[in-house]
Amino acid sequence: MAIRTIREMGDPVLNKISKEVKEITPRVQDLIDDMFETMYEANGVGLAAVQVGVLKRIVVIDTGDDPILLINPRILEVSGEQTGNEACLSVPGKTGSVTRPHYVKAVAQDEELNEFEIEGEELLARALIHEIEHLDGHLFVEKVEGPLMDVEMVEEEA
Ligand code: ZN
């Protein structure tokens, strides 16, 4: 396993559309292992493959409960609303308020490409939407209401 370099806003790869994963090759398995390691090392709650420069539809999430791997994820259903500060490993040191659904249901494939459904509320719902949007080339900064703030400033206010 290895820590990979996280691409930052301004890197054009982050605006590209990731491709469907059709086969779990050893190379894809290494990528998945590295994504988890890279996310944990950076203290993130989610990471999409595009953020380490690989245009594959793979997402890893850990909101503190269990590691979640999502291959070729799609949103099936959303409901409700939550507004709160969001951040991204590709936009280091910044945060901004984003309104997201309170509940999200998605379908994805696991490491054997078996399909499963996942439901989340609150932080997990936010992470699911945020990470799946990365796969279509979107960053949360497009949705920030009000200013994009320095994390340090927000922490001082709190
Ligand atoms: Zn992100």
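The structure contained in this document is the topic of the report that follows. (Residues numbered from 1 in each chain as written. Predicted model: local features only at pLDDT ≥ 70, side-chain atom pairs only at ≥ 80, totals over all residues. Heavy atoms only, no water.)

**Thoughts on the coordination of the zinc ion**
Here is step 1: The coordination sphere of the zinc ion contains the protein donors C88 (SG), H130 (NE2) and H134 (NE2), at a distance range of 2.0 to 2.2 Å.
Here is step 2: When the donors of the zinc ion are listed by position in the chain, the intervening gaps give C-x41-H-x3-H. Placement of C88 in the loop between β4 (82-86) and β5 (94-100) and of H134 in helix α2 (residues 122-134) is noted, with a sequence separation of 46 residues between them. (Donors = N, O, S within 2.8 Å, 3.2 Å for Na, K, Ca; no water. Helix = DSSP H or I, 4+ residues; strand = E, 2+ residues; numbered from the N terminus.)

**Quick word on the pairing of strand β3 (residues 68-79)**
Here is step 1: Looking at chain direction, strand β2 (residues 58-61) and β3 are connected through four bridges and run antiparallel. Looking at the pairing, I58 lines up with I71 of β3.
Here is step 2: Where β2 hands over to β3, the hairpin turn is made up of six residues, of which G64 adopts a positive phi near 115 degrees.
Here is step 3: The pairing of β3 with strand β6 (residues 103-109) spans six bridges and is antiparallel. Residue pairing across strands places R74 opposite V107, the latter belonging to β6. (Pairing = 2+ DSSP bridges.)

**A closer look at the sheet that holds β4**
Here is step 1: Reading across from one edge, β4-β5-β8 is the order of the three strands in this open sheet, with antiparallel pairing throughout. The open sheet has two free edges, formed respectively by β4 and β8 (145-150), since each of these has just one partner strand. Strand-to-strand, the axes of this sheet are offset by a mean angle of 25 degrees, without reference to chain direction.
Here is step 2: Two strands pair when backbone bridges link them, and β5 and β8 are joined in this way by three bridges, in the antiparallel orientation. Bridged to S97 within β8 is E145.
Here is step 3: Set on the sheet, α2 makes contact with β4 and β5; between it and β4 the angle comes to about 65 degrees. (Axes fitted to C-alpha atoms, helices over the stretch in contact; angles between N-to-C directions. Contact = heavy atoms within 4.5 Å.)

**Here's the deal with the packing of aromatic side chains**
Here is step 1: Evaluated as defined, the whole model comprises one aromatic pair.
Here is step 2: Note on F36 and Y40: the rings are 6.2 Å apart at their centroids and 20 degrees apart in plane angle, and the pair reads as stacked. Here F36 and its partner Y40 are both found in helix α1 (residues 26-41), four residues apart, which amounts to about one turn of the helix.
Here is step 3: Taking relative accessible area as the criterion, F36 reaches 17% and is therefore assigned buried. (Phe/Tyr/Trp six-rings, centres within 6.5 Å; stacked < 30°, edge-to-face > 60°. Buried < 20%, exposed > 50% of the residue type's maximum accessible area, 1.4 Å probe, protein only.)

**Some details on a positive patch on the surface**
Here is step 1: A cluster of basic residues, K16, K19, R27 and K56, forms a positive patch on the protein surface.
Here is step 2: The class of K16 is partly exposed, set by a relative accessible area of 43%. (Patch = residues over 30% accessible without salt bridge, like charges linked within 9 Å, V, L, I, M, F, W, Y side chains within 5 Å. Areas by Shrake-Rupley, 256 points an atom, 1.4 Å probe, with all protein chains shown as cover. Salt bridge = Lys/Arg side-chain N within 4 Å of Asp/Glu carboxyl O. Lys, Arg positive; Asp, Glu negative; His and termini not counted. Charge placed at Lys NZ, Arg CZ, Asp CG, Glu CD.)

**Structural notes on the pattern of salt bridges**
Pairing of side chains with opposite charge becomes possible as their charged atoms draw close.
Here is step 1: Summed over the entire model, instances satisfying the criterion amount to 10 salt bridges.
Here is step 2: Of the charged contacts, one joins R100 and E86 as a salt bridge, the two residues approaching to 2.8 Å between their closest N and O atoms. Note that R100 is positioned in strand β5 and E86 in strand β4, a separation of 14 residues in sequence.
Here is step 3: A relative accessible area of 3% places E86 in the buried class.
Here is step 4: Taken together, the shared-partner salt bridges in this structure form one network comprising E86, R100, R126, E133 and K143.

**What about unusual backbone geometry?**
Here is step 1: Positive phi, normally seen in glycine, also occurs at N72, with a value near 50 degrees.
Here is step 2: Accessibility expressed as a relative area gives 10% for N72, which makes it buried.
Here is step 3: Of note in the backbone geometry, L113 takes a positive phi value of approximately 65 degrees without being a glycine.
Here is step 4: If you trace the backbone, L113 turns up in the loop between β6 and β7 (115-121).
Here is step 5: Take L113: its relative accessible area is 23%, and that puts it in the partly exposed class.

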